[in-house]
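Read off the chains here:
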Amino acid sequence: MSGHGAPRAEAVDASGLSVVVIAGQWHDTITDGLIAGAKRILDASGATWRLVRVPGSFELPVVAKAALDAGADAAVALGVIIRGGTPHFDFVSSAATDGLTRVALDTGKPVGFGVLTLDDEQQGLDRAGLDGSKEDKGAEAADAAIRTALALRDLRG
């Protein structure tokens, strides 16, 4: 499991930050777990936030860009891509990853990366922050987004 060595998240005050969580609609049990983890972190931080649902992970970058251009301080992208028998997995995974990276660099604002690229559904259940999960990637993505937004705010004065 890749979670070894992850930093321990401590409560952070993100009051005054506006965050948009963008989540794909595929694999709803896993995605709902990711959203719940992000919600928990964002609520505890004091940030204001809203949820926007999109059809799938391919659509995450364009909506993240729109949210950040509209004034959000950070975005949290949540999606689930499970490998199948065709190259589709590789194309969607690459497009989502490269697109979200580009959005962060083009806007100068953070995008918390909570897109799970999986070989099977069990790997997602293990990472979704559900009862019995070993990791909570939705919480980690939200935490990374708000901590990065706060670091940028501090650097920019």
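Residues numbered from 1 in each chain as written. Predicted model: local features only at pLDDT ≥ 70, side-chain atom pairs only at ≥ 80, totals over all residues. Heavy atoms only, no water.

A. Local environment of the pattern of salt bridges. Under the counting rule described, the total for this entry stands at twelve salt bridges. Residue D32 is joined to R53 by a salt bridge in which the shortest nitrogen-to-oxygen separation is 3.9 Å. Of this pair, D32 sits in helix α1 (residues 28-45) while R53 is found in strand β2 (residues 48-54), placing the two residues 21 residues apart along the sequence. K134 is paired through a salt bridge with D126; the nearest N and O atoms lie 3.9 Å apart. Note on K134: relative accessible area 58%, which makes it exposed. A cluster of three or more residues bridged by salt bridges with shared partners is formed by R127, E135, K137 and E140. (Salt bridge = Lys/Arg side-chain N within 4 Å of Asp/Glu carboxyl O. Helix = DSSP H or I, 4+ residues; strand = E, 2+ residues; numbered from the N terminus. Buried < 20%, exposed > 50% of the residue type's maximum accessible area, 1.4 Å probe, protein only.)

B. Spotlight on helix α3 (residues 88-107). Taking 1.5 Å per residue, 20 residues should reach 28 Å; α3 reaches 28 Å between its end C-alpha atoms and fits that length. The complete set of buried residues in α3 reads F89, V92, S93, A96, G99, L100 and V103. Relative to the axis of α3, the buried residues are bounded by an arc of 145 degrees and lie together on one face. Structural note: α3 exposes F91, R102 and L105 on the side pointing more than 90 degrees away from its buried face. Tucked into the core, α3 has its buried residues touching α2 (60-69), β3 (74-82) and β4 (111-118). After α3 finishes, the residue G108 shows a positive phi value of roughly 70 degrees. (Expected span 1.5 Å × (residues − 1). Arc of directions from axis to C-beta. Contact = heavy atoms within 4.5 Å.)

C. Local environment of the sheet that holds β4. If you walk across this open sheet you meet the four strands as β2-β1-β3-β4, and the pairing is parallel. What marks the edges here is a single partner per strand, and that holds for β2 and β4. Between one strand axis and the next, the sheet turns by 15 degrees as a mean value, whatever way the strands run. Relative to β2, strand β1 (residues 18-24) is paired through seven bridges, and the arrangement is parallel. (Pairing = 2+ DSSP bridges. Axes fitted to C-alpha atoms, helices over the stretch in contact; angles between N-to-C directions.)

D. Inspection of unusual backbone geometry at higher detail. One non-glycine residue, H27, lies in the positive phi region at around 55 degrees. Using a relative accessible area of 29% as the deciding quantity, one classes H27 as partly exposed.

E. Structural context of α2. Residues L60, P61, A64, A67 and L68 constitute the buried set of α2. In an axial view of α2, the angular spread of the buried residues amounts to 125 degrees, which keeps them on one side of the axis. Along α2, exposed side chains directed more than 90 degrees from the buried face belong to V62 and D69. Among the residues trailing α2, G71 stands out with phi positive, at a value near 120 degrees.

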